[in-house]
Amino acid sequence: MVPFVYHPRYSRLELPPRHRYPIQKYALLKQWADEHGAKPEQWVQPTPLHWSEVKRVHCPDYITALVNNRIDRKQWRRVGFPWSEQLLLRTLTSAAGTRDTAMLAMQYGCAIHFSGGYHHAHYDWGSGFCLLNDLAIAAKSVIDACPQSKVLIFDTDVHQGDGTATLFADEPRVVTCSLHGEKNFPFTKSESDLDIKLPKGTTDDDYLAVVDATLEQLIVSHQPDLILYDAGVDIYRQDELGHLSISLNGIFNRDYRVLSTARKHNISCAAVIGGGYQRNLARLIKAHAQLLRAAYHVWK
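This report concerns the structure included in the present document. Counting of residues starts from 1 at the beginning of each chain's written sequence and follows it residue by residue. Reporting in this predicted model follows two pLDDT cut-offs: at least 70 for local features of residues, and 80 or more for side-chain atom pairs to be given and counted; totals over whole chains, interfaces and linings ignore these cut-offs and use all residues. Values shown for side chains rest on all heavy atoms present in the structure; no hydrogens or waters enter the calculation.

### Side note on the pattern of salt bridges
At step 1: By definition, a salt bridge exists where a carboxyl oxygen of Asp or Glu is found within 4 Å of a side-chain nitrogen of Lys or Arg. Per the counting criterion, the structure on display carries ten salt bridges.
At step 2: Put simply, K30 and D34 hold a salt bridge, and the shortest N to O gap is 2.7 Å. Of this pair, K30 and D34 both sit in helix α1 (residues 25–35), four residues apart, roughly one helical turn.
At step 3: When the shortest N-O distance is used, the salt bridge between D255 and R254 registers 3.0 Å. The burial state of D255 is the same as that of R254; both residues are buried.
At step 4: Taken together, the shared-partner salt bridges in this structure form one network comprising E53, R99 and D100. Each helix is a run of DSSP H or I of at least 4 residues and each strand a run of E of at least 2, with the numbering of both proceeding from the N terminus. For every residue, the accessible area (1.4 Å probe, protein chains only) is compared with the maximum for its type, and the residue is labelled buried under 20%, exposed over 50%, or partly exposed between those bounds.

### A word on the side chain of R99
At step 1: Here R99 is to be found in helix α5 (residues 85–108).
At step 2: The buried category is assigned to R99, whose relative accessible area is 18%.
At step 3: N or O atoms closer than or at 3.5 Å make up a polar contact, with two conditions inside protein: a donor-capable atom paired with an acceptor-capable one, and, for residues adjacent in sequence, both atoms drawn from side chains. In this structure the side chain of R99 is engaged in a polar contact, spanning 3.2 Å, whose partner is the side chain of E53.
At step 4: If we skip the residues at most four places from it in the chain, R99 touches T47, L49, E53, A138 and S141. Here, residues are in contact when the closest pair of their heavy atoms is within 4.5 Å.

### Remarks on the pairing of strand β5 (residues 174–181)
At step 1: Taking burial as the measure, the eight residues of β5 include eight buried ones, the bulk of the element.
At step 2: Pairing geometry for strand β4 (residues 151–155) and β5, over five bridges, is parallel. Each residue of the ladder has a partner; that of F154, found in β5, is C177.
At step 3: Relative to strand β6 (residues 194–198), β5 is paired through five bridges, and the arrangement is parallel. Bridging from a neighbouring strand, G181 pairs with L198 of β6. Any two strands are treated as partners once DSSP identifies two or more bridges connecting them.

### Focus: a positive patch on the surface
At step 1: Here the term patch refers to residues with relative accessible area over 30% and no salt bridge, with like charges joined within 9 Å and nonpolar side chains (Val, Leu, Ile, Met, Phe, Trp, Tyr) within 5 Å. In short, Shrake-Rupley with a 1.4 Å probe defines the accessible areas, and a residue's cover is counted only from the protein chains shown. None of His or the chain ends enter the tally, which takes Lys and Arg as positive and Asp and Glu as negative. For this purpose, a charge sits on NZ of Lys, CZ of Arg, CG of Asp or CD of Glu. Side chains of R73, K74, R77 and R78 sit close together on the surface and give a patch of like positive charge.
At step 2: Here R77 lies in helix α4 (residues 73–77).

### Considerations on the sheet that holds strand β3 (residues 110–113)
At step 1: With parallel pairing, the eight strands of this open sheet are ordered in space as β2-β1-β3-β8-β7-β4-β5-β6. The open sheet terminates on both sides in strands that have one partner only, identified here as β2 (43–44) and β6.
At step 2: Two strands pair when backbone bridges link them, and strand β1 (residues 4–5) and β3 are joined in this way by two bridges, in the parallel orientation. Bridging across to β3, F4 finds its partner in I112.
At step 3: Axes, fitted as lines to C-alpha atoms, cover a helix only where it is in contact. Angles between the N-to-C directions of the axes lie from 0 to 180 degrees. Across the sheet, α5 is in contact with β1, β2, β3, β7 (226–230) and β8 (268–272); its angle to β3 comes to roughly 165 degrees.
At step 4: Taken strand by strand, helix α9 (residues 248–264) contacts β3, β4, β7 and β8, and its axis lies near 170 degrees from that of β7.

### Quick look at the nonpolar core
At step 1: Membership of the largest hydrophobic core comes to 101 residues, with the highest contact counts inside it found for L131, F154 and I227.
At step 2: It is helix α10 (residues 281–299) that contributes the most residues to this core, nine residues altogether.
At step 3: Discounting residues that sit within four places of it in the chain, F154 has contacts with C177, L179, V211, T214, L215, L218, I227, L228, Y229, D230 and V258. For this analysis, a nonpolar core means a set of buried residues of the types Ala, Val, Leu, Ile, Met, Phe, Trp, Tyr and Cys, connected via side-chain atoms within 4.5 Å.

### Remarks on the packing of aromatic side chains
At step 1: Here the aromatic set is Phe, Tyr and Trp, taking the six-membered ring for Trp, and pairing holds for ring centres within 6.5 Å; pairs whose planes are under 30 degrees apart are stacked, those over 60 apart are edge-to-face, and all others are tilted. Under the counting rule described, the total for this entry stands at 16 aromatic pairs.
At step 2: Residues Y6 and W43 carry aromatic rings whose centres are separated by 6.1 Å and whose planes lie at 70 degrees to one another, so their mutual orientation is edge-to-face. Placement of Y6 in the loop between β1 and α1 and of W43 in strand β2 is noted, with a sequence separation of 37 residues between them. For the residue pair Y6 and W43, the accessibility class agrees, reading buried in each case.
At step 3: Summarising the aromatic geometry, the rings of F81 and F129 are spaced 5.2 Å apart at their centres and angled 40 degrees between planes, so their arrangement reads as tilted. With F81 in the loop between α4 and α5 and F129 in the loop between β3 and α6 (134–145), this residue pair connects regions lying 48 residues apart in the sequence.
At step 4: Overall, the relative accessible area of 4% leaves F81 in the buried class.
At step 5: By relative accessible area, which is 14% here, F129 ends up buried.
At step 6: Two conditions define a charge located above a ring, namely a distance within 6 Å from the ring centre to NZ of Lys or CZ of Arg, and an angle within 35 degrees of the ring normal. The positively charged end of K30 is found above the aromatic ring belonging to W43, 4.5 Å away from the centroid.
At step 7: One cation-aromatic arrangement involves R293 over F252; the distance from NZ or CZ to the ring centre is 4.5 Å.

In structure tokens:
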């Protein structure tokens, strides 16, 4: 049974009216999972990280400024959220959730976090709704706990994982790969270990062929012990910020192929739901739910 990591706090954030971020999607995805057969014993609730744990990945001066709401106004605008204590607590909880998901995956083979994928957070600055890089915190926790292990961050969110790339530029035990829209945010890209730039309008067949070939190449080349998988659904053709043309079935097949490939190679896989930006929440939840459907088919 695949562990599901979730906290009600993920959808508890007061935002201005018509704010772009779909904060209710986490609670609605949890509801979808319960309605479709999730068992009470599958659910794991994380405890927020301490700031001391965060400082093992992020700049201490940045964290001090973040905690005290002293970040330059122009810099803070890049984040896109209004500052609040509620935002900080939610961020610490979500980062803990991804860390816990990675550890559970190492134990059980697969685990899914109903949040995560805040890959635009760099060492000393945040951007694109990302204050802390939960993927980096999780990967660092794994290699600290198991120094001989290797982590592959396989990021299929439509936006490049630029913060993750810079944070691990000099860490050979963490391999970063980003499959992203070539003409999309961030408009100044970082350099991952492997970047796959997808043109606007990419459709299912071409996309899935790239996913298959890239993941197999990375597994053969690096022999990871854990795949941290960012399963963002902003690749969906209905996404308002995506610019690709991937169908709902294409999302399911991407998720199924990543999870089944990991299992075939006996590699643990920790998945986060990543980005997805639609005001039609029912349609957005259906897209995110493809990851849960894929996990059921791979691990039933």
